[in-house]
Every structure is written in C-alpha cells, then in structure tokens.
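Each chain, written out:
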Amino acid sequence: MAELRGKYLDQITAVADIDALEAVRLAAMGKKGEISLKMRELGQMDAEARQRVGPALNGLKSEIDAALKARRAGLEDAVLDARLQAEWLDVTLPGRPRPMGTIHPISQVMDELTAIFADMGFAVAEGPQIESDWYNFDALNIAPEHPARQEHDTFFMHRAEGDNRPPHVLRTHTSPVQIRAMQDQGAPIRVIAPGRVYRMDMDQTHTPMFHQVEGLAIDRDISMAQLKWTLEEFCRAFFEVDEVELRFRASHFPFTEPSAEVDIRCSWEGGQLKIGEGKDWLEILGSGMVHPQVLRAGGIDPDQWQGFAFGLGIDRIAMLKYGIPDLRAFFESDLRWLRHYGFAALDQPALAAGLSR
Ligand code: 2NL
C-alpha cells in the first residue's frame, strides 16, 4: 500500500503536462487501473481482511484523487499563465490611423450654391447626362451648323450601323434640364440646374467633364434688372463679402437675347484674390433674357411670359473661392492632391477636426 502510494504520488508530481497526468490517473484509477483492481479484489477477501484493507484502500484512493486534482489545477494555471504571457495586448496603444475623407470641393460648392438660390426661391432640377440632340441643341436655338455641334466639340454616343436618327450626346450644358423643367412645370418657374457636363476639351485649364449650374426665372414681367440683382445677391452670399460690383458686357448666346457676360470687381494683390474691391474684373458667368424660341421649345408662350437665364462654371468658382491653383486637385477625389494643390477649406477648424489623423 505504501509502495503504491509512493509510486503514484511521485508520478503525479513528475508529470509535465495534463496529458501525462491523465495517463497516470488512468493507470491508477481507470477501469483497469491498479487501484481499481485492488478495490475489486476486496470482494474475494474474508471479512477480517476486508475490514483492514478496505479503509486503507479508500484512504489511498482519496489521497491520490486529491493529488490528481491539485496537480491538474496547478498545470492548468501554468497553461493559462503561458497563454497570458504569449497573448498579452497593450490596450493603451493608440489605434491604427484610418484615412478620413472630406466633402469634395465641387460638392461643397454645389451645396453652397443650392442653399443660396433656394433662399431666393429657386428649386433644384436634375436630368439625364446623356441627352437627345434635340434637348441639348435644337431646343436651345442652336443651329444645325453651329460649331458646338461638330464632332470635335461634343461627345456623341455610338450609333448602331444603319441607324440614321440623330445621335444622343453627353450634355454640353445643363440647359436641357431646364427645357424639361419648363415642359413639366410650365410658367411661372424658378429653377437652378447644377450638374456634370461634357465637352471635348483637355488642357491646363479644361477637363472633358466639368460642372455647371444654370438658373432660370420665368414670369410675366421678369427683367434684366432682376437678373442683375439676383446675381449680385448670389455673389455677395457665395464669396462672403458685404459689397460686390458686377459689370455686364454685351455678348451673344443662341439661347438668350439680349445676352451678357458678367464680370465681378476684384483685386489680385500679392497673388491673393479679393472679391468686391480693386481695379481688376473677373469674368464669372454668362446670362441673358431667354430667347422666345427657347421658351417655345419649353412649351411656354413667349407673348405671355419672359425671363432670364444664366450659366456658370462650378469648378472655376470653387477654385477661386477655396484657393485651389490647379485642376489636378480635383482628380481621383484624392485628398492628397487637394492638400498638395491647396484647398483652403481644409484649414477651417470644423473640417480639419475630422481630418487631423
Ligand atoms: C456660360 C453661358 C449661359 C444660359 C447659359 C440658358 C438656359 C435656358 C434658356 C436660356 Cl433653358 N439660357 N442658359 C443662358 C446664358 C448663358 O451660360 O458662359 N456658362 C458658363
């Protein structure tokens, strides 16, 4: 008995891991284990021997049981300690930086424009970027021989062989949206149409896709005076200055009569653009009174209604307002380009807060 006790207690102490301990347990206490066999032998003993061996065997069994349990607990602790050593995590480390975006300057300027014109009662109209020849040109009183219709100025959609209908085009201005709005809503109407437009032009200051906003106001007695006030009010709000001065220069567009190009007073001292004061003029938009033919195309009677229209390029005024010196800042919508080429809005605390990481 003492020999058994010594043997198993020694083995229990000596094992290196839980598997080895389990082997010892089976050898001693398993169904065919040495101690289990001894317990079974009690049945063949006479009463006197059983009285003597039984309690001793039971004592030994509990002792080994307790030793197994204690050793198991010790080994499990060691396993846990080893895992804690190997798998520790420093929860005080700073998180991995995640690149953050910001609103694109073009989108920001579109939002600003929309809000300013909304305050003056203009609704926003949208329409397809692939337009029919009629909506993009005919409805706007652009003659079939007008240079804008030439293959090298406009993107024409592919036509199936033998299809001789006029091809669709990528819209070259957002005017077709306003023709559709006139047809849908009739007069009176006040809308702006911001969006993407396409022309076959690519150099330092032109991209084949750019953004335009056009405005249209039709009522019984809309005049150029109201056009001028509307544009002044817009410029004051957009460039965030108290006073602006606009200069109307006679011009020509097929869709307006009379037509005017509009300049804003500014200065370029020290390479910094200042709107509202100075000796220079900056051309910012084209405008005029809607041509009677265009009203007719929109289903509006030019003997009953009249109105003004204007168009301006969003990309350029975004660059002017936010000090972006190079068109490349708009490419790929990549913030690194914007930082590199300048986006003054990135210096605004509210925006910078979201970008500091
Ligand atoms: C420019 C000139 C302009 C318009 C756009 C327009 C639209 C309709 C009827 C009449 Cl539906 N006119 N749009 C009018 C004058 C000028 O844009 O230089 N844009 C950058």
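Since this is a predicted model, take the numbers as computed values, not measurements.

Colleague: Which parts of the structure should I look at to understand the environment of R249?
Modeller: Looking at the element boundaries, R249 is found in strand β6 (residues 246-253). As a C-alpha pair, R249 and A82 span 167 residues in sequence and 83 Å in three-dimensional space. The contact partners of R249, leaving out residues within four places of it in the chain, are S259, A260, E261, D263 and E283. At 3.5 Å, the side chain of R249 forms a polar contact with the side chain of E283.

Colleague: Where do I start with the site of the ligand in this structure?
Modeller: The ligand sits among 17 residues. The nearest are E214, F255, G286, A309 and G311. E214 is positioned with one of its side-chain polar atoms (N or O) 2.8 Å from a nitrogen atom of the ligand. Between a nitrogen atom of the ligand and a main-chain N or O atom of G311, the distance comes to 3.2 Å. Elements with a minimum of two residues in the shell around the ligand: α7 (175-185), β5 (209-219), β9 (280-290) and β10 (306-313). Sorting elements by how many residues they give to the shell around the ligand places β10 first, with four residues. Per-class residue counts for the shell around the ligand are nine nonpolar, seven polar and one charged.

Colleague: Explain helix α10 (residues 314-322) to me, please; I cannot follow it from the model alone.
Modeller: Of all nine residues in α10, eight are buried, a share of seventy percent or more. Among all positions in α10, only I314, D315, I317, A318, M319, L320, K321 and Y322 are buried. Of the surrounding secondary structure, the elements contacted by the buried residues of α10 are α5 (105-119), β5, α8 (224-239), β9 and β10. Among the residues trailing α10, G323 stands out with phi positive, at a value near 60°.

Colleague: Explain the pattern of salt bridges here, please?
Modeller: Proximity of charged atoms lets side chains of opposite charge pair with each other. Taken as a whole and assessed by the stated rule, the structure comprises 23 salt bridges. With its nearest N and O atoms 2.9 Å apart, the salt bridge here joins K7 to E34. Highlighted residues: K7 in helix α1 (residues 2-14) and E34 in helix α3 (residues 34-41), separated in sequence by 27 residues. You can call E34 partly exposed: its relative accessible area is 27%. The salt bridge involving E261 is made with R249; its shortest N-O contact spans 3.6 Å. Of this pair, E261 sits in strand β7 (residues 256-267) while R249 is found in strand β6, placing the two residues 12 residues apart along the sequence. Its relative accessible area of 29% is what places R249 among the partly exposed residues.

Rules used throughout
- Residues numbered from 1 in each chain as written.
- Predicted model: local features only at pLDDT ≥ 70, side-chain atom pairs only at ≥ 80, totals over all residues.
- Heavy atoms only, no water.
- Helix = DSSP H or I, 4+ residues; strand = E, 2+ residues; numbered from the N terminus.
- Contact = heavy atoms within 4.5 Å.
- Polar contact = N/O pair within 3.5 Å; in protein donor to acceptor, adjacent residues only side chain to side chain.
- Near = heavy atom within 4 Å.
- Nonpolar A, V, L, I, M, F, W, Y, C, P; charged D, E, K, R; others polar.
- Buried < 20%, exposed > 50% of the residue type's maximum accessible area, 1.4 Å probe, protein only.
- Salt bridge = Lys/Arg side-chain N within 4 Å of Asp/Glu carboxyl O.

So yeah, pure geometry; function would need other evidence.
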